[in-house]
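# Topology and contacts: notes
If you want the building blocks of each chain, they are given just below.
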Amino acid sequence: MLKKGQFKNAVKMSNIEKYFGHTAALKGVNFEVGVNEVVGLIGDNGAGKSTLIKIITGVFPPTNGEIYIRDKKVSLKDYNVKQAYKLGIEAVFQDKSLGEKQDLWRNFFIGRQITNRLGFIKVREEKEIARKIMFDMIGFRGAGITAESKVNKLSGGERQGIAIGRAMYFDAELIILDEPTSALSLKEVNKVLNFVRKIKESGRACIYISHILPDVYEISDKFIILDRGEVVATIKKSEITLKELSEFMLKYAHAK
Amino acid sequence: MKYLKQSIAKLVKIEGLTIIGVFIALMILFIISAPRVFTGYRIYMSFLQTVPPLLILALGLTLVITAGEMDLSFSAIIAFSGFIFCYVFRTFGTPWLAFILALSSGALVGFINGWMVAKVGIPSIMATLAAQFFWNGLTILLSGGLSWNIKEIRPYFIHTLFVGRIGGLVPAQSIWGIAVAVFLWFILNRHTFGEQILFIGDNEEVAKVMGVNVIATKIRLFIFMGIISAFAGVLLTLEMINFWTTQGAGLLLPTIAAVFIGGTSIAGGYGTIIGTFFGAYIVGSLEAGVVASGIGGYWTRLVTGLVMAASVSLNIILSKEKGEGLKERIKESIFIKKGGE
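Residue positions are given per chain, counting from 1 as you read along its sequence in written order. Key to labels: chains lettered from A, ligands numbered from 1, both in the order written. Given that the model is predicted, a residue must reach a pLDDT of at least 70 before its local features are reported, and side-chain atom pairs must reach 80 or more before they are shown or counted; all residues, however, enter totals for whole chains, interfaces and linings.

Right, let's talk about the overall build of chain B for a bit. A tally of helices and strands in chain B yields 16 helices and four strands. The globule rule puts the C-alpha radius of gyration for 341 residues at 20 Å, and the 21 Å found for chain B is close to it. Summarising its shape, the C-alpha atoms of chain B cover approximately 70 × 60 × 35 Å along the three principal directions. For chain B, with 341 residues in total, the buried portion stands at 46%. Considering only contacts within chain B whose residues lie at least 6 apart along the sequence, 75% involve residues at least 24 apart. Helix and strand assignments follow DSSP, with helices taken as H or I runs no shorter than four residues and strands as E runs no shorter than two, numbered in order from the N terminus. The quantity called the radius of gyration is restricted to C-alpha atoms. Its globule counterpart is 2.2 Å times the number of residues to the power 0.38. Remark: C-beta atoms are placed from the backbone, and a residue is labelled buried if 20 or more other C-beta atoms sit within 10 Å of its own, exposed if 12 or fewer do, or partly exposed between those counts. Once C-beta atoms are placed from the backbone, any two residues with those atoms within 7 Å are in contact.

To continue, consider the overall build of chain A. Helix and strand content of chain A: eight helices and ten strands. Taken against the 2.2 N^0.38 rule, which gives 18 Å for 256 residues, the C-alpha radius of gyration of chain A at 19 Å falls within 12% of a compact globule. By principal-axis analysis of the C-alpha atoms, chain A measures approximately 55 × 40 × 35 Å. Relative to its 256 residues, chain A shows a buried fraction of 40%. Within chain A, contacts between residues at least 6 apart in sequence are counted, and of these 71% link residues at least 24 apart.

For the rest of this paragraph, the subject is the interface of chain A and chain B. Counting residues at the interface gives 20 residues for chain A and 18 residues for chain B. Three residue categories are used. Nonpolar comprises Ala, Val, Leu, Ile, Met, Phe, Trp, Tyr, Cys and Pro, charged comprises Asp, Glu, Lys and Arg, and polar comprises the others, including Gly. Class assignment of the residues belonging to the side of chain A that touches chain B gives a composition of seven nonpolar, seven polar and six charged.

Our next topic: the sheet that holds strand E6 (residues 89-93) of chain A. Residues and elements named next belong to chain A. The strand order across the open sheet formed by six strands is E6-E7-E8-E3-E9-E10, and the pairing between neighbours is mixed. Whereas interior strands pair on both sides, the edge strands pair on one side only; in this sheet they are E6 and strand E10 (230-236). The average undirected angle you get between the axes of adjacent strands in this sheet is 20°. Note on pairing: DSSP must find at least two bridges between two strands before they are called paired. Of the pairings in the sheet, the one linking strand E3 (residues 38-43) to strand E8 (residues 205-209) comprises four bridges and is parallel in character. For valine 39, the partnering residue across the bridge sits in E8 and is isoleucine 207. Each of E6 and strand E7 (174-178) touches helix H5 (residues 156-169); the most contacted strand, E6, lies at about 170° to it. Between N-to-C directions, angles span 0 to 180 degrees; the directions come from axes that are lines fitted to C-alpha atoms, helices contributing only their stretch in contact.

Nonpolar side chains in soluble globular proteins tend to end up buried together. By our criterion, buried Ala, Val, Leu, Ile, Met, Phe, Trp, Tyr and Cys residues that link up through C-beta atoms within 7 Å make up a nonpolar core. In terms of nonpolar packing, the biggest core is built from 158 residues, with A:Leu174, A:Ile175 and A:Tyr208 touching the most fellow members. Apart from the residues within four sequence positions on either side, A:Tyr208 is in contact with A:Val38, A:Val39, A:Gly40, A:Leu41, A:Leu177, A:Val196, A:Val216, A:Ile219 and A:Ser220.

The residue B:Leu29 is located in helix H2 (residues 17-33) in this model. Sequence separation between B:Leu29 and B:Lys151 is 122 residues, and the spatial gap between their C-alpha atoms is 39 Å.

What follows is about helix H10 (residues 192-202) of chain B. Within H10(B), ten of the eleven residues are buried, leaving the element largely enclosed by the surrounding structure. Among all positions of H10(B), only B:Thr192, B:Gly194, B:Glu195, B:Gln196, B:Ile197, B:Leu198, B:Phe199, B:Ile200, B:Gly201 and B:Asp202 are buried. The inward-facing, buried residues of H10(B) abut helix H3 (104-109) of chain A together with helix H4 (42-66), helix H9 (172-190), helix H11 (204-209) and helix H12 (214-240) of chain B.

The subject of this paragraph is the confidence of the model for chain B. Per-chain confidence: chain B averages 88 in pLDDT, with 90% of residues scoring 70 or above. Interface predicted TM-score (ipTM) for the complex: 0.80; the corresponding pTM is 0.85. The predictor reports its confidence for every residue as pLDDT, a score running from 0 up to 100.

Positive phi is not limited to glycine here, since A:Arg70 has a value of about 50°. Secondary-structure assignment places A:Arg70 in the loop between strand E4 (64-69) and strand E5 (72-73). Here B:Ile241, not a glycine, exhibits a phi torsion of approximately 45°, which is positive. Relative to the helices and strands, B:Ile241 is located in the loop between H12 and strand E4 (242-243). On the basis of neighbour counts, which here come to 16 C-beta atoms within 10 Å, the residue B:Ile241 falls in the partly exposed class.

With that out of the way, let us pick up the sheet that holds E4(A). Residue and element names in this part refer to chain A. Read across the sheet, four strands follow the order E2-E1-E4-E5 without closing on themselves; strand pairing throughout is antiparallel. A single partner strand is all that each edge strand has here, and the edge strands are strand E2 (23-34) and E5. Pairing analysis gives five bridges linking strand E1 (residues 9-20) to E4, with the strands arranged antiparallel. From the neighbouring strand, valine 11 faces E4, where its bridge partner is isoleucine 69.

A few words on the packing of helix H6 (residues 95-120) of chain B against helix H7 (residues 124-143) of chain B. Residues and elements named next belong to chain B. Where H6 contacts H7, the two axes come as close as 9 Å, and the packing angle between them is 145°. By crossing handedness, the relation of H6 to H7 is classed as right-handed. Contacts from Val109, Ile112, Asn113, Met116 and Val117 in H6 reach Ser124, Ala127, Thr128, Ala131 and Trp135 in H7. Considering only residue class, the contact of H6 with H7 consists of seven nonpolar, three polar and no charged. Left-handed describes a crossing in which the near helix is turned anticlockwise from the far one by less than a right angle; the clockwise case is right-handed.

Right, let's get into the environment of B:Ile266. Residue and element names in this part refer to chain B. As for its position among the elements, isoleucine 266 is in the loop between helix H13 (252-262) and helix H14 (273-292). In this structure, the C-alpha to C-alpha distance between isoleucine 266 and isoleucine 122, residues 144 residues apart in sequence, is 18 Å. Residues in contact with isoleucine 266, not counting those within four places in the same chain, are Ile65 and Phe260.

This brings us to H14(B). All names here are of chain B. Here H14 spans 29 Å end to end across 20 residues, near enough to the 28 Å set by a 1.5 Å rise per residue. The seven residues ending at a residue and the seven starting there each receive a fitted axis; the angle between those axes is the bend at that residue. When the local axis directions of H14 are compared, the greatest deviation, roughly 40°, occurs at leucine 286. Counted residue by residue, H14 has 15 buried out of 20 residues, so it is predominantly covered. Within two residues after H14, glycine 294 carries a phi angle of roughly 90°, on the positive side. By definition here, a helix of n residues has an expected span of 1.5 Å times n minus one.

Looking now at the pairing of strand E9 (residues 222-227) of chain A. Residue and element names in this part refer to chain A. Sheet topology places E3 next to E9; five bridges connect them, and they run parallel. The partner of glycine 43 across the bridge, within E9, is leucine 226. In the sheet, E9 pairs with E10 via six bridges, with the strands oriented antiparallel. For lysine 222, the partnering residue across the bridge sits in E10 and is lysine 236. Between E9 and E10, which pair antiparallel one after the other, the connecting turn spans two residues, and arginine 228 there sits at a positive phi close to 45°.

Next comes the structure, spelled out in structure tokens:
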């Protein structure tokens, strides 16, 4: 695996097309996510955001096009979810990332447990690491949360934090957040935005998908705007204000 | 008062404590109502002799239910593997080969169950119900509907090992029951296999996204259950020195009851081995207890129903996190729907 500084883009997608039957979900999408760049992926429902994410994370292959991870072309034939993990790409889906009734520490390691040769879990070690992730990586402050807490006792923002921390611990180079703030209260949104800042600080890249423009604007370095399967604009944060971005998006909403 | 509430909350978190309480209460009740029977040791030895097959089945079923699935075919596996055991033993005279083939037959049935559930996608309750009829039917066909006696097995070591009397008193199968319980506790709570079961039962979608091979795990789980059922079948056959085509049929509902009395959730994602252990002994001791109390054998089923309803309610009420005191929790569990938290 290449080390940091040896590559330019965490992910680059070129001329990605995806057809479901005769319907085109993506029509020649080009975009890149730089090293340590937070990219806001914006677009209305049906713009093709989730299709794009599923292609990046290896859930299904594109009909046409090329994917480059760390500047290296990926063989689409062998690309799947496990392969994406190995290449350091991890997605955090809002409702599909944590087992609700399970202990926190189990949630950190499910699918990647630390075990002895017989497959028995090294519980103490896992709990210790879980604690470290919570306090050092995502910066949980007390609040009565321990490694043994059950997930359904946590707030929405804390859950996102757990999933993000997990991705960081397992050395994800690119973390994809799918609508991380859409069901959260303001206080919780701030927590999540802080977690995203932690991703940036740690030198990783992030794709941040959201409807909520103020959140996206605050956190992203670059915006990619998707409309009906096409990238209609790629804008650097320094080139646009939040107000202009909102107006820009409204224009597309009206055009329909 | 607050201290009391906190300590109740802490105690509830200990696995299976509620059901241990129910078990002790029941035993005290029996001792009071039938002191002559329940202060002697014989009745307990008889429990240790009769309960283990049910206990072992219930322990296996706990894992299946924790994964959010159900198995109704284990009663047929008991008959089928019992038949295989007797057949091989009578034909070849080798008890260990008979034992291994009996377990393999359970594994085979389990594999087919798992394949139907995980690969084909048939809901487990339907797939295993069909399996129950099929394997029971096959057993009847193969055995010609007859029961087979295998009293020649008595002198063999396998008989002593599995159903002998330790010190001329304690039935060996009770120790095997405990061994299986300890083993399955570690599997469920400390092994990757158990953790995968927990997450599949909790939310299959999450398990998949997190890299759990859901299909393979489910097939493995049903094979596991098949082997455990076959083991219970062998124990039962050895204890009775007899195979009959409907052996196991009467164990179906009591086994399921034992798991639920123990506190395992039908919703999946949570299972308690310790709870099931005591649940099985509660179910297994009710009949003798009720009869010995002198209220008559007709009451047995009614009392089983009451005990099951009471234990399940108690488990749900005590595990409610919302509501400060016991009173609020009871109120909540009665007036607020399950999904309304």
